[in-house]
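Descriptive structure summary
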Amino acid sequence: MAAATAPSPVRGIRFNPTALRRQMALRGLTAAHLAVESRISAPTMSAAMAGRRIGPQTVRAIATALSRIPTVISEDLLESA
């Protein structure tokens, strides 16, 4: 009987790039501005926006920054892709 293996640790989380861009648009944010507000590097923000894996702490930093910044336009004003 084979030994059970422990589940592999989470190596990163992927943002949905379209959803992230939509949330940024609702708040009038550029990637550079959100990176500053999130206290993460520009390359890390680029990775998040490209749908590459980022760490859980980075996800939390971006989500926290987005939750602090109010929306400036109504979602129904954004064009659907």
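In this section: the overall build of the chain. Each helix and strand in the chain was counted, giving 4 helices and 0 strands. Put simply, the chain runs from its N terminus to its C terminus through helices and strands in the order α-α-α-α. Counting all 81 residues of the chain, 28% fall into the buried class. Put simply, of all contacts in the chain between residues at least 6 apart along the chain, 71% involve residues at least 24 apart. For the chain, the accessible surface area stands at approximately 5700 Å², while carbon and sulfur atoms represent 56% of it.

As a further point, take unusual backbone geometry. Among all residues save glycine, negative phi is the norm, and among peptide bonds the norm is trans. The residue Arg39 is not glycine, and still its phi comes out positive at about 60 degrees. When you line up the elements, Arg39 lands in the loop between helix 2 (31-38) and helix 3 (42-49). Relative accessible area serves as the criterion here: at 77%, Arg39 is assigned to the exposed category.

Summarising the element assignment, Arg27 is placed in helix 1 (residues 17-27). One polar contact links the side chain of Arg27 to the main-chain carbonyl oxygen of Ile69, over a distance of 2.9 Å.

Tracing the backbone shows Val36 in helix 2. Linking Val36 and Ile62, residues 26 residues apart in sequence, is a C-alpha distance of 9.9 Å.

Here we come to the environment of Ala19. Looking at the secondary structure, you find Ala19 in helix 1. For Ala19, a relative accessible area of 37% gives the class partly exposed. Ala19 sits 30 residues away from Met49 along the chain, and the two C-alpha atoms are 9.4 Å apart.

Counting residues in each nonpolar core, the largest one holds 17 residues, and the members touching the most others are Phe15, Leu20, Leu34, Met45, Ile54 and Ile62. What Ile54 contacts, discounting residues up to four positions off in sequence, is Gly12, Ile13, Phe15, Thr44, Ala47, Ala48, Val59 and Ile62.

The subject of this paragraph is the side chain of Ser38. On the secondary structure map, Ser38 appears in helix 2. At 2.8 Å, the side chain of Ser38 and the backbone oxygen of Leu34 are in polar contact. Excluding residues that lie within four positions of it along the chain, Ser38 makes contacts with Met45, Ala61, Ile62 and Ala65.

What follows is about helix 1. Quick reminder: α-helices carry 3.6 residues per turn. Residues three or four places apart thus point the same way. Listing the buried residues of helix 1 in full gives Leu20, Met24, Leu26 and Arg27. Down the axis of helix 1, the sector holding all buried residues measures 160 degrees, keeping them to one side. Next to the buried residues of helix 1 lie helix 2, helix 3 and helix 4 (56-68). Capping the start of helix 1, Asn16 holds a side-chain oxygen 2.9 Å from the backbone nitrogen of Thr18, two or three residues further along. Trailing helix 1 by a residue or two, Gly28 shows a phi angle of about 65 degrees, which is positive.

Calculation notes
- Residues numbered from 1 in each chain as written.
- Predicted model: local features only at pLDDT ≥ 70, side-chain atom pairs only at ≥ 80, totals over all residues.
- Heavy atoms only, no water.
- Helix = DSSP H or I, 4+ residues; strand = E, 2+ residues; numbered from the N terminus.
- Buried < 20%, exposed > 50% of the residue type's maximum accessible area, 1.4 Å probe, protein only.
- Contact = heavy atoms within 4.5 Å.
- Areas by Shrake-Rupley, 256 points an atom, 1.4 Å probe, with all protein chains shown as cover.
- Polar contact = N/O pair within 3.5 Å; in protein donor to acceptor, adjacent residues only side chain to side chain.
- Core = buried A, V, L, I, M, F, W, Y, C linked by side-chain atoms within 4.5 Å.
- Arc of directions from axis to C-beta.

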